[in-house]
Amino acid sequence: MSNLNEKMVALGTQRSVIRELFEFGKMRAAEIGAENVFDFSIGNPSVPAPACVNETAQKILSEMDPVLLHGYTSAQGDAGVRAMLATSVNQRFGTDYKADHFYMSVGAAAALCCCLHGLCNAGDEVVIFAPYFPEYIVFAEGAGAKPVIVPADTEAFQIDFDAFSKALTPSTKAVIINSPNNPSGAVYSSETVRRLADILQERSKAYGHPIYLISDEPYREIVFSGTKVPFLPDYYANTLISYSWSKSLSLPGERMGYVLVPPCVDDWAQVYAAVAGAGRCLGYVNAPSLFQRVCAACADETSDISVYETNKNLLLGSLRDMGYHVTEPGGTFYMFPRSLEADDVAFAERAKAHNLLIVPGCGFGCPGHVRISYCVPTERIERSLPAFEALAKEYF
């Protein structure tokens, strides 16, 4: 009889569906050549980081005292870095944040875990909107909370407010919002956000305690055709923001992000202390020193996101012409068409016969759909179109 934590053993031995497909793609590429595998499984940015990233890193490495550069920063992140981020956010959103409203983290995953562990006690409920990033379930349960799933609005991928209202209880501690959304690409409108905020304010008052809104924003800058992403603290005071540069600067491997705890949050100092305490408990103190500085210096830059818009337009138009039902993404680099049969797992398996690697929607809490990650070279999309068409012809 093992005396290990069996839940952790299970998490460590069972890859996510996304990772399983990614590994299958590598194996298949070795068999038939990478050019013959149309891997749309994982959200790994295909465009390089902007030039300022390498230039800034080289400048820091050549000019800064290496003892200081490679030494510890403050547990919550370098004070100068956090001041630079406050300036950047203030200029963009008209706020008046200070360095001590920011907690530097090891990517958005660590930021979310710090928020959830800082806010939640055992038995608290965390409301999550489908479709959702699958790790939200892992993160919430890891913090001792119970995930409560709100079914998807599968037409516009906004919010089913009737279902949301029913999901809220006196045990609700937090609500996670992800806009622009992985996997649908949807961006919540200002009307959606305003109604969400009104309901949260009403229920917080009725229950006698704040319901915190955790806004997960790794795709905030990746939007198309002038789409606007509402800045959540403008709508709802008890908002914590989880941010990452993995997608906007094409730096997923550098694991750099932050938690923003705005001063409008009730008992701001206590909430910030809880986030910092969670970081200490989880071992997420002192995010990587070099890339704290690099990301802060490049915070107002992005990779060339026009590539993603080109890919989106090509894929969206082509799939619709073939008969697929697809809601147009407002941002990210994901598309979430309906599967051509009710069983999305079976549909994704049939796609593999055409060397198309797409992720079943059931893993995102939204069966009957598949996720296509189009952060790939445009020529891969062009070469994949006959395979998508051949797959469609099996159904039409």
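Bear in mind the structure is a predicted one, so any value in this text is a computation, not a measurement.

A. Just the sheet that holds strand E12 (residues 370-373), in detail. In space, the 3 strands of this open sheet follow the order E9-E12-E11, with antiparallel pairing throughout. Looking at the sheet topology across the chains shown, the edges are occupied by strand E9 (334-335) and strand E11 (359-360). Across 2 bridges, E11 lies against E12 in antiparallel orientation. Each bridged residue has a counterpart across the sheet, and for Val-359 the counterpart in E12 is Arg-371.

B. Layout of helix H7 (residues 135-142). All of the buried residues in H7 are Tyr-136, Ile-137, Phe-139 and Ala-140. Looking straight down H7, one finds its buried side chains confined to an arc of 165 degrees; they lie on one side. In this structure, the buried residues of H7 make contact with helix H6 (107-119), strand E3 (125-129), strand E4 (146-150), strand E5 (172-177) and strand E6 (212-216). Following H7 by one or two positions, Gly-144 adopts a phi angle in the positive range, close to 85 degrees.

C. How the structure looks around the packing of aromatic side chains. Going through the model one piece at a time under the given rule, you end up with 19 aromatic pairs. When the ring of Phe-40 is compared with that of Phe-388, the centres are 5.8 Å apart and the planes differ by 45 degrees; the resulting orientation is tilted. Linking Phe-40 in the loop between strand E1 (38-39) and helix H3 (51-63) with Phe-388 in helix H14 (residues 378-393), this pair joins segments that are 348 residues apart in sequence. In this pair, the class of Phe-40 matches that of Phe-388, namely buried. Each ring, one from Phe-333 and one from Tyr-334, has its centre 5.0 Å from the other, and the planes form 65 degrees; the classification is edge-to-face. Here the aromatic cluster, defined as three or more aromatic residues joined through ring pairs, consists of Phe-102, Tyr-243, Trp-245 and Tyr-258.

D. Inspection of the layout of surface pockets at higher detail. Within this model, the largest pocket holds a volume of roughly 990 Å³. Forming the walls of the largest pocket are 35 residues, and the residues nearest its centre are Ser-16, Arg-19, Phe-133, Glu-135 and Arg-255. Mapped onto the lining of the largest pocket, the elements with two or more residues apiece are helix H1 (6-13), helix H2 (17-32), H6 and H7. Looking at side-chain class alone, the lining of the largest pocket contains 17 nonpolar, 11 polar and 7 charged residues. Of the voids in this model, the second largest pocket is the one considered here, and its volume is about 300 Å³. If you trace the second largest pocket, you find 18 residues lining it, with Phe-22, Asp-39, Ile-42, Val-376 and Arg-380 closest to the centre. Mapped by element, the contributors of at least two residues to the lining of the second largest pocket are H2 and H14. Among the elements that take part in the lining of the second largest pocket, H2 stands out by supplying 4 residues, more than any other. Split into classes, the residues belonging to the lining of the second largest pocket amount to 9 nonpolar, 4 polar and 5 charged.

The rules behind these values
- Residues numbered from 1 in each chain as written.
- Predicted model: local features only at pLDDT ≥ 70, side-chain atom pairs only at ≥ 80, totals over all residues.
- Heavy atoms only, no water.
- Pairing = 2+ DSSP bridges.
- Helix = DSSP H or I, 4+ residues; strand = E, 2+ residues; numbered from the N terminus.
- Buried < 20%, exposed > 50% of the residue type's maximum accessible area, 1.4 Å probe, protein only.
- Arc of directions from axis to C-beta.
- Contact = heavy atoms within 4.5 Å.
- Phe/Tyr/Trp six-rings, centres within 6.5 Å; stacked < 30°, edge-to-face > 60°.
- 1 Å grid on protein atoms, 1.4 Å probe; cavity = no way out; pocket = protein on both sides within 12 Å on 5 of 7 lines; lining within 4 Å.
- Points joined across faces, edges and corners; volume = space filled by probe spheres on them.
- Nonpolar A, V, L, I, M, F, W, Y, C, P; charged D, E, K, R; others polar.

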